[in-house]
Amino acid sequence: VIAAAKRALKGTDGCLGSVIISLQQTQHDNLCQLRIFARLDDVFTQLAEEMQIKIDTFKLYTARVPREWQPNDDVFLVPYSQRDGKKDAKQKDETRERWDLRKGAKVMITNGRYENDVASIVGKDSQGHYKVKLPGEDGIIKTMGSWFIEAAVNGDLEQLPLVNYDTELHGDKKALIRPNDPDVGALSGYAHAVHDCPHVEAIKEELSQLSVEDAKGILHQAAKSCMWTGCDNKKENWVCLKSHRVLCGRFANKHMVLHNKKATENNIAMGTADLSFWCYGCRSYLHHLTIRPIYDVYNTFHIAKFGEKVTQPFGATG
């Protein structure tokens, strides 16, 4: 975006510049030659109609699995070890392991932040992706993309993301429950913003008292450094919306994560770079347009950062 915009501003032959399409204002808006506040899907649908480009009808993806490798619905025969989910090159077709993903099945996650945790399959979503409930009283649900099925049956994966849990193979895993783990995203690799958060109510008063001048001071501190003693991180800083402390995020020195662990009421934080909201209690991003107190805080910081109110009304989605 930046390089193309600068070439156009210099008058370089053949350079038309940059186009930014987003509902949220960005720090590069002043550089682009065309700025559209809308959803990408809406813009490209209209563009395709204008250019008379035919768009194929969307068909929901379904895994292509040979009948012999699917003895029952959501049960598959795969060339992977049930112990750790790793591919076994010596394993023959007739000795494939049974991979049971039916509702209620107990599974063990094989890698990533939740490695070795025992979870359960609680069904599938509207697009056929598997919903995996993690251990703990909060019952966080993550998603395993349905595309894993076809890849697993064909032996295209290095390791299954999860295997069926067997106490004889895997032992007792109860001690591995982490009820306040700072996780992002899902098993499928994407992050999802929730439209409701029970932890907002606890800091509703603090959120309502935040002024534009307060927000300007917080942004100034974020650009200066993390407030943790001995940390001078200037990038990827977050602000705790309970204490207003500015601390570095998980991709820096994780001081905001430590701040939450020291006091669990410090659940909700906002990224000062992109004005995104994260709840450690929900272990999820919060949708800034559909939760009223969060929307108001977002608008306050938007004014402090960009000098104008948010263009999208409360309740808009996209």
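Cut-off values and rules
- All chains use their own residue numbering, which begins from 1 and follows the written sequence.
- Local features in a predicted model are, by the rule used here, given only for residues with pLDDT of at least 70; side-chain atom pairs are given and counted only at 80 or more, and totals for whole chains, interfaces and linings are based on all residues.
- Just so you know, side-chain values use all the structure's heavy atoms and leave hydrogens and water out.
- Counting from the N terminus, the helices are the DSSP runs of H or I reaching at least four residues and the strands are the DSSP runs of E reaching at least two.
- Under the scheme applied here, a residue whose accessible area is under 20% of the maximum for its type counts as buried, over 50% as exposed, and between as partly exposed, the area being computed with a 1.4 Å probe on protein chains only.
- Here, two residues are considered to be in contact whenever any of their heavy atoms come within 4.5 Å of each other.
- All accessible-area figures derive from a Shrake-Rupley calculation using a 1.4 Å probe, and residue coverage is judged against the displayed protein chains alone.
- Cavity: a set of points on a 1 Å grid over the protein atoms alone where a 1.4 Å probe fits but cannot get out. Pocket: an open set with protein on both sides within 12 Å along at least five of seven lines, its lining residues, like those of a cavity, having an atom within 4 Å of a point.
- Grid points are joined across faces, edges and corners, and a volume is the space filled by probe spheres set on the points.
- For this classification, the nonpolar set comprises Ala, Val, Leu, Ile, Met, Phe, Trp, Tyr, Cys and Pro, the charged set comprises Asp, Glu, Lys and Arg, and every other residue, Gly included, is treated as polar.
- The score called pLDDT rates the predictor's confidence residue by residue, from a low of 0 to a high of 100.
- A pair of strands counts as paired when DSSP detects no fewer than two bridges linking them.
- The axes used here are C-alpha line fits, helices contributing only the stretch in contact, and every angle between their N-to-C directions lies in the interval 0 to 180 degrees.
- Any carboxyl oxygen of Asp or Glu within 4 Å of a side-chain nitrogen of Lys or Arg constitutes a salt bridge here.
- Only Phe, Tyr and Trp rings are paired, with Trp represented by its six-membered ring, and only when their centres lie within 6.5 Å; those with planes under 30 degrees apart are stacked, over 60 edge-to-face, the remainder tilted.
- We call a charge positioned above a ring when the Lys NZ or Arg CZ atom is no farther than 6 Å from the ring centre and deviates by at most 35 degrees from the ring normal.

A. A look at the overall build of the chain. Broken down by element type, the chain carries eight helices and 15 strands. Relative to its full complement of 318 residues, the chain shows a buried share of 43%. In the chain, of all internal contacts separated by at least 6 residues, the share reaching a separation of at least 24 is 53%. Within the structure as shown, the chain displays about 18,200 Å² of accessible surface, and the carbon and sulfur contribution to it stands at 49%.

B. View of empty space enclosed by the protein. A complete count under the given rule lists one cavity of 30 Å³ or more for this structure. A volume near 50 Å³ is recorded for the largest cavity. Looking at the largest cavity, the residues that line it are Val78, Tyr80, Ser81, Gln82, Glu97, Arg98, Trp99, Leu160, Val163 and Asn164. Elements that contribute at least two residues to the lining of the largest cavity include exactly β4 (97–100) and β9 (162–164). Here the element with the most residues in the lining of the largest cavity is β4; it accounts for three residues. Residue composition of the lining of the largest cavity, by class: five nonpolar, three polar and two charged.

C. Structural context of the confidence of the model for the chain. Averaged over all residues, the pLDDT of the chain is 85; the fraction at 70 or higher stands at 89%. Ranking the elements of the chain by mean pLDDT puts strand β10 (residues 193–194) last, at 78, and strand β3 (residues 75–78) first, at 96. Predicted confidence is poor over residues 175–190, with pLDDT under 50, and the contacts of this stretch with residues over four places away or in other chains come to 46 contacts.

D. Expanded view of the sheet that holds strand β11 (residues 237–240). With mixed pairing, the six strands of this open sheet are ordered in space as β10-β15-β14-β13-β11-β12. The outermost strands of the open sheet, each flanked by one partner alone, are β10 and β12 (246–248). The sheet contact formed by β11 and β12 spans three bridges and is antiparallel. Bridging across to β12, Val239 finds its partner in Val246. Against the sheet, helix α7 (residues 255–262) touches β11, β12 and β13 (268–271), its axis set at about 120° to β12.

E. Molecular detail of the pattern of salt bridges. Across all of its chains, the model carries eight salt bridges by this definition. Among the salt bridges present, the one from Glu150 reaches Arg64, with a minimum N-O distance of 3.1 Å. Placement of Glu150 in helix α3 (residues 147–153) and of Arg64 in the loop between α2 (40–50) and β3 is noted, with a sequence separation of 86 residues between them.

F. Local environment of the pairing of strand β7 (residues 130–133). The alternating pattern of β7 places Tyr130 and Val132 on a buried face and Lys131 and Lys133 on a face that is not buried. Bridge count for strand β6 (residues 118–124) against β7 is four bridges, and the pairing is antiparallel. Among the inter-strand pairings, Lys124 is bridged to a residue of β7, identified as Tyr130. Once β6 ends, the chain turns through five residues before running back antiparallel as β7, passing Gly128 with a positive phi of about 90°. Sheet topology note: the β7/strand β8 (residues 141–144) ladder contains four bridges and is antiparallel. Following the sheet pairing, Val132 is matched in β8 by Lys142.

G. Spatial organisation of the packing of aromatic side chains. Counted according to the given criterion, the structure contains three aromatic pairs. On the basis of an interplanar angle of 85° and a centroid distance of 6.4 Å, the ring pair of Trp278 and Tyr280 is categorised as edge-to-face. Side by side, Trp278 and Tyr280 carry an identical accessibility label, which is buried. With a centroid separation of 5.0 Å and an interplanar angle of 75°, the aromatic rings of Trp278 and Tyr285 are classed as edge-to-face. Judged by its relative accessible area of 23%, Tyr285 is partly exposed. Above the plane of the ring of Phe37 lies Arg35, whose end atom (NZ or CZ) is 3.9 Å from the centre.

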